[in-house]
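Structural overview
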Amino acid sequence: MAGLQSGAPTPQSITLHGQSRVLEIGFSDGASFRIPFELMRIYSPSAEVQGHGPGQEVLQTGKREVQIVDLQPVGNYAVQPTFSDGHDTGIYSWDLLYELGAKEQELWAEYEARLAAAGVERDAPMPEKGGGHACASH
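In this text the structure is predicted, and so the values were computed from the model without any measurement.

1. Regarding the environment of Asp29
Within the secondary structure, Asp29 is located in the loop between strand 2 (22–27) and strand 3 (32–36). Overall, Asp29 belongs to the partly exposed group, its relative accessible area being 44%. Along the backbone, Asp29 and Thr10 are 19 residues apart, and their C-alpha atoms lie at a distance of 7.9 Å. With sequence-adjacent residues up to four places away left out, Asp29 is seen in contact with Pro9 and Tyr98. There is a polar contact of 3.0 Å between the side chain of Asp29 and the backbone nitrogen of Ala31.

Next up, the structure:
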């Protein structure tokens, strides 16, 4: 999902809306999106969420009320949010944010299908970390 495409639209404005829990972003091509924090969190590009390869993704649940408590620029190509659940390792390139906004409905449908396939509810708490690989060493 992530990456930088040459000539891709770049953000002209970024606004966090805490009460409605959306990141509003306007791009140089005129596109504007209101991306829910929850969508950003469940599709985080971090290894903690995406794993280290296909099939290693970790299904995220219980993120409906998540907030972004901090948003830091990363060079001229991305931002790194800190979420209220402590997650802060995802770097969101402009391309990824554009894709999240442009494909929001498709991504929600994919997420709902993954939840159904796993037999878990959207608001179920995440399982406790422990045992297994925790990625703390990277």
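2. Things to note about the pattern of salt bridges
Close approach of charged atoms lets side chains of opposite charge pair. Within this structure, the stated rule accounts for seven salt bridges. The residue Glu24 makes a salt bridge to Arg34 at a minimum N-O spacing of 3.4 Å. Remark: Arg34 occurs in strand 3 and Glu24 occurs in strand 2; sequence separation between them is ten residues. Note on Glu24: relative accessible area 26%, which makes it partly exposed. Its relative accessible area of 41% is what places Arg34 among the partly exposed residues. Between Glu38 and Arg122 there is a salt bridge; the shortest N-O distance is 2.4 Å. Taken as a pair, Glu38 in helix 1 (residues 37–42) and Arg122 in the segment after helix 4 (104–118) lie far apart in primary sequence, 84 residues in all. Residue class for Glu38 comes out buried when judged on its relative accessible area of 5%. Accessibility expressed as a relative area gives 25% for Arg122, which makes it partly exposed. Salt bridges linked by common partners bring Arg41, Lys63 and Asp85 together as one network.

Basis of the calculations
Residues numbered from 1 in each chain as written. Predicted model: local features only at pLDDT ≥ 70, side-chain atom pairs only at ≥ 80, totals over all residues. Heavy atoms only, no water. Helix = DSSP H or I, 4+ residues; strand = E, 2+ residues; numbered from the N terminus. Buried < 20%, exposed > 50% of the residue type's maximum accessible area, 1.4 Å probe, protein only. Contact = heavy atoms within 4.5 Å. Polar contact = N/O pair within 3.5 Å; in protein donor to acceptor, adjacent residues only side chain to side chain. Salt bridge = Lys/Arg side-chain N within 4 Å of Asp/Glu carboxyl O.

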